[in-house]
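In case you want the letters, here they are:
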Amino acid sequence: MTETMTCQADAITPELLAEADELVSHYPVSKRSASLPLLHLWQNHFGFIDDSGVEWIAAKLELTPVNILEVVTFYPWFRRERAGKTIIRVCRTLACAMAGSYEVREKFCQSVGIDPHCHSHGFGEAPPTSSDGNFSVEFVECLASCGSAPVALINDELVENIALSDVPAIVDQYK
Ligand code: FES
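What counts, and where the lines are drawn
- Residues numbered from 1 in each chain as written.
- Predicted model: local features only at pLDDT ≥ 70, side-chain atom pairs only at ≥ 80, totals over all residues.
- Buried ≥ 20, exposed ≤ 12 C-beta atoms within 10 Å, placed from the backbone.
- Helix = DSSP H or I, 4+ residues; strand = E, 2+ residues; numbered from the N terminus.
- Pairing = 2+ DSSP bridges.
- Domains from an automatic or database assignment.
- Contact = placed C-beta atoms within 7 Å.

**Re the pairing of strand S1 (residues 86-91)**
Across the 6 residues that make up S1, a large majority, 5, are buried. As paired elements, S1 and strand S2 (residues 135-140) share 6 bridges and run parallel to each other. In the sheet register, Cys-91 faces S2, and the bridge partner there is Val-140.

So this is what it looks like as structure tokens:
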């Protein structure tokens, strides 16, 4: 385990611990069911999930680390590496692709200083991130807003009907 990885579990605050305990209390019959809520809590707090997080959550739920790791590596939403402060997720499924989402992703990349030809290669890997650490851009599958394609999820905000000319102004809102 690297030093960085050790730091996350070492940095658990009393508030985070209380929140984790509260989440686990919702699943009195099967603690394992708290895996996803705890992983979301951890990633929201630390930005990604390191080995110490996997081990801490496993211990909390009386599981083995591999039980948690298989969840982390199954869902693309979870990251094992730090991403940018603002994450731009552009939908690439059919309706959005036909409405120009590949060009939209390229424009977002150019607007935040990321090589548009750069993609992450594996589950848990951080998406391409700007050198200042402020932005990551990645493709995702359908965001359930096909009628307003092309769309992107920027952190927690859904942005619809994106025109290429809108992209620089959208990015400016997150600088
Ligand atoms: S295809 Fe993009 S939101 Fe459904």
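**Some remarks on the domain arrangement of the chain**
Domains assigned within the chain are domain 1 (3-74) and domain 2 (86-172). Here domain 1 and domain 2 have C-alpha centroids that lie 28 Å from each other.

**Comments concerning the environment of Ser-136**
The topology assignment puts Ser-136 in strand S2. Taking the number of C-beta atoms within 10 Å as the measure of exposure, Ser-136 has 22 and is therefore buried. Separated by 87 residues in the primary sequence, Ser-136 and Ile-49 place their C-alpha atoms 17 Å from one another. The residues touching Ser-136, leaving out its near neighbours within four places in the chain, are Ala-83, Gly-84, Ile-87, Ile-88, Ala-126, Pro-127, Pro-128 and Thr-129.

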